[in-house]
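So the chains spell out like this:
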Amino acid sequence: MNKTQFNLLAEKLIKSTTQREAVKLHLLDGLSAYEAEKQAYGRTTATVSRDARRILKEFEYIQSVIK
């Protein structure tokens, strides 16, 4: 998944811009979910990995439909 694809999915699936940034840090920049939450929020929220899975599932579905 590239940055443009991530942005399109994240804008649709995640309302909070801070949460989008945290998930981006986790998926695209390779930070752990815990570190991404600390960097984006300054604390842990235990939501980044769940939102990342949701983004990945949607991306995989779209890939399967395209093929």
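Residues numbered from 1 in each chain as written. Predicted model: local features only at pLDDT ≥ 70, side-chain atom pairs only at ≥ 80, totals over all residues. Heavy atoms only, no water.

### Considering helix α1 (residues 3-13)
Put simply, the rule reads: Three labels apply to residues, based on accessible area from a 1.4 Å probe with only protein chains included: buried if under 20% of the type maximum, exposed if over 50%, partly exposed otherwise in between. Only runs of H or I of at least four residues qualify as helices and only runs of E of at least two qualify as strands under DSSP, and these elements are numbered from the N terminus. The arc refers to the directions leading from the helix axis to the C-beta atoms. Here, two residues are considered to be in contact whenever any of their heavy atoms come within 4.5 Å of each other. Pairs of N or O atoms are called polar contacts if they sit within 3.5 Å, as long as, within protein, a hydrogen donor faces a hydrogen acceptor (for residues adjacent in sequence, only side-chain-to-side-chain pairs).
Within the span of α1, buried status applies to Phe6, Leu9, Ala10 and Leu13. End-on, the buried residues of α1 take up no more than an arc of 100°, which puts them together on one face. Across α1 from its buried face, at more than 90 degrees, point the exposed residues Thr4, Leu8, Glu11 and Lys12. The inward-facing, buried residues of α1 abut α2 (17-27) and α4 (48-66). Its side-chain oxygen placed 3.1 Å from the backbone nitrogen of threonine 4, asparagine 2 serves as the N-cap of α1.

### Focus: unusual backbone geometry
A positive phi angle, near 60°, is found at alanine 46, a position not held by glycine. Along the polypeptide, alanine 46 turns up in the loop between α3 (33-41) and α4.

### Observations concerning the nonpolar core
Our working rule: Here, the term nonpolar core denotes a set of buried Ala, Val, Leu, Ile, Met, Phe, Trp, Tyr and Cys residues that are joined through side-chain atoms within 4.5 Å.
In this structure, Phe6, Ile14, Val23, Val48 and Ile55 are the most contacted members of the largest nonpolar core, which totals 14 residues. Setting aside its immediate chain neighbours within four residues, valine 48 contacts Gln19, Ala22, Val23, His26, Ala33, Ala36 and Glu37.

### Side note on the pattern of salt bridges
As a reminder of what qualifies: We define a salt bridge as a contact between a side-chain nitrogen of Lys or Arg and a carboxyl oxygen of Asp or Glu at a distance within 4 Å.
On inspection of all chains with the given rule, the structure shows two salt bridges. The closest approach of N and O atoms between aspartate 29 and lysine 24, which form a salt bridge, is 4.0 Å. Under the relative-accessibility criterion, aspartate 29 is labelled partly exposed at 46%. Classification of lysine 24 by relative accessible area gives buried; the value is 16%. Across the pair arginine 54 and aspartate 51 runs a salt bridge, and its minimum N-O distance is 2.6 Å. Remark: aspartate 51 and arginine 54 occur in helix α4; sequence separation between them is three residues, near one turn of the helix. Aspartate 51 sits in the buried class, given a relative accessible area of 11%.

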